[in-house]
Amino acid sequence: NAGVTQTPKFQVLKTGQSMTLQCAQDMNHNSMYWYRQDPGMGLRLIYYSASEGTTDKGEVPNGYNVSRLNKREFSLRLESAAPSQTSVYFCASRGADTLYGYTFGSGTRLTVV
Amino acid sequence: SQQGEEDPQALSIQEGENATMNCSYKTSINNLQWYRQNSGRGLVHLILIRSNEREKHSGRLRVTLDTSKKSSSLLITASRAADTASYFCATESWETSGSRLTFGEGTQLTVNP
């Protein structure tokens, strides 16, 4: 099925550990995004990539890095995880057709202890 | 900070009734979108209304947009138990660095059978 695939679905890290969240889309979309969602809140933008080779900071970029590996893949890296990064992370993509919205992955639930 | 505020934060109704959710935002936008999130799942795009449109329908959904008041409403008619979910409004702005989608905090809708 076409869409946005995120891996892993669940992860527990110890404070200070690093990890990379993977995201891939097969809809030939130019733009890709990483959001985090904390309990009782909407989604907040971490980083985005309008096209292959470009990345930009969103609302809450501190503590994260991203890589737009190619048109399909956009990864999010936590270099030194902190408890404040416990959250659900969503990847999304958007095509050029402005009649349609974003397509979201199913999320990665990350706990930092 | 979140772009928009949604009202109410929680709504509980009986099956067959209509549900209305409101959203306000702060800055100029290209379009406004509504998403649904079932518990523990990713977000699903419901409907997009452009800044030059005032009303849009899709099945049992009706969205209005008042750019002079910077507000939108989502009406779900003849609600069903399966409509139980969180609903988020999100504003999209197109910038030189690409498009960005900014979310409100959501309305938790419970439809009782």
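What comes next is a walk through the structure. What you see is a predicted model, and the numbers here were worked out from it, not measured in a lab.

Quick word on the interface of chain B and chain A
1) Next: Listed per partner, the contact involves 25 residues of chain B and 26 residues of chain A.
2) Next: Interface area, chain B with chain A, both sides summed: about 1,900 Å², of which 50% is carbon and sulfur.
3) Next: Of all residues in chain B, L43, S97 and R100 of chain B give up the largest surface area on contact with chain A, accounting jointly for 24% of the area buried on that side.
4) Next: Scanning the region where chain B abuts chain A turns up one salt bridge.
5) Next: One salt bridge connects E92 of chain B with R94 of chain A, and the closest N-O pair in it is separated by 2.6 Å.
6) Next: Across the chain B-chain A interface, the total number found is nine residue pairs in polar contact (both at pLDDT 80 or more).

Describing the side chain of Q6 of chain A
All names here are of chain A.
1) Next: Tracing the chain through its elements places Q6 in strand β1 (residues 4-7).
2) Next: On the accessibility criterion, Q6 (2% relative accessible area) is buried.
3) Next: Within the structure, the side chain of Q6 is placed 2.9 Å from the backbone oxygen of Y89, a separation counted as a polar contact.
4) Next: Of the polar contacts made by the side chain of Q6, one reaches the backbone nitrogen of C91; its length is 2.9 Å.
5) Next: With residues up to four places along the chain from it excluded, the contact list for Q6 reads Q22, W34, Y89, F90, C91, G105, S106, G107 and T108.

Side note on the pattern of salt bridges
1) Next: Considering all chains together, one arrives at seven salt bridges over all chains under this definition.
2) Next: Here R36 of chain A and D38 of chain A are joined by a salt bridge, their closest N and O atoms 3.0 Å apart.
3) Next: A relative accessible area of 8% means that R36 of chain A is categorised as buried.
4) Next: Judged by relative accessible area, D38 of chain A falls into the buried class, the value being 12%.
5) Next: For R62 of chain B, the salt bridge identified is with E55 of chain B, shortest N-O distance 3.2 Å.
6) Next: Owing to a relative accessible area of 30%, R62 of chain B belongs among the partly exposed residues under this scheme.

What about the state of the cysteines?
1) Next: What the rule picks out here adds up to two disulfides over all chains.
2) Next: In this model, C23 of chain A is linked to C91 of chain A through a disulfide, with the two sulfur atoms separated by 1.9 Å. Measuring the twist about the S-S bond at about -75°, one finds the C23 of chain A-C91 of chain A disulfide to be left-handed. Separated by 68 residues along the polypeptide, C23 of chain A in strand β3 (residues 19-25) and C91 of chain A in strand β9 (residues 87-94) bring together distant segments of the chain. Taken individually, C23 of chain A and C91 of chain A each receive the classification buried, so the pair is uniform in this respect.
3) Next: The disulfide partner of C23 of chain B is C89 of chain B, and the gap between their sulfur atoms is 2.0 Å. Its S-S torsion of approximately 65° makes the covalent link between C23 of chain B and C89 of chain B right-handed. Taken together, the residues span a long stretch of sequence, with C23 of chain B in strand β3 (residues 19-24) and C89 of chain B in strand β9 (residues 85-95) at a distance of 66 residues.

Quick word on the sheet that holds strand β7 (residues 64-68) of chain A
Strand pairing within a sheet occurs via backbone hydrogen bonds; the two strands may be parallel or antiparallel.
Residue and element names in this part refer to chain A.
1) Next: With antiparallel pairing, four strands are arranged side by side in an open sheet as β1-β3-β8-β7. Since the sheet does not close on itself, it has two edges, and those belong to β1 and β7, each with one partner. With direction set aside, neighbouring strand axes in the sheet form an average angle of 20°.
2) Next: In the sheet, β7 pairs with strand β8 (residues 74-78) via five bridges, with the strands oriented antiparallel.

Each value, and the rule that gives it
Residues numbered from 1 in each chain as written. Chains lettered and ligands numbered in written order. Predicted model: local features only at pLDDT ≥ 70, side-chain atom pairs only at ≥ 80, totals over all residues. Heavy atoms only, no water. Contact = heavy atoms within 4.5 Å. Buried area = accessible area lost by both parts, 1.4 Å probe. Salt bridge = Lys/Arg side-chain N within 4 Å of Asp/Glu carboxyl O. Polar contact = N/O pair within 3.5 Å; in protein donor to acceptor, adjacent residues only side chain to side chain. Helix = DSSP H or I, 4+ residues; strand = E, 2+ residues; numbered from the N terminus. Buried < 20%, exposed > 50% of the residue type's maximum accessible area, 1.4 Å probe, protein only. Disulfide = S-S within 2.5 Å. Pairing = 2+ DSSP bridges. Axes fitted to C-alpha atoms, helices over the stretch in contact; angles between N-to-C directions.

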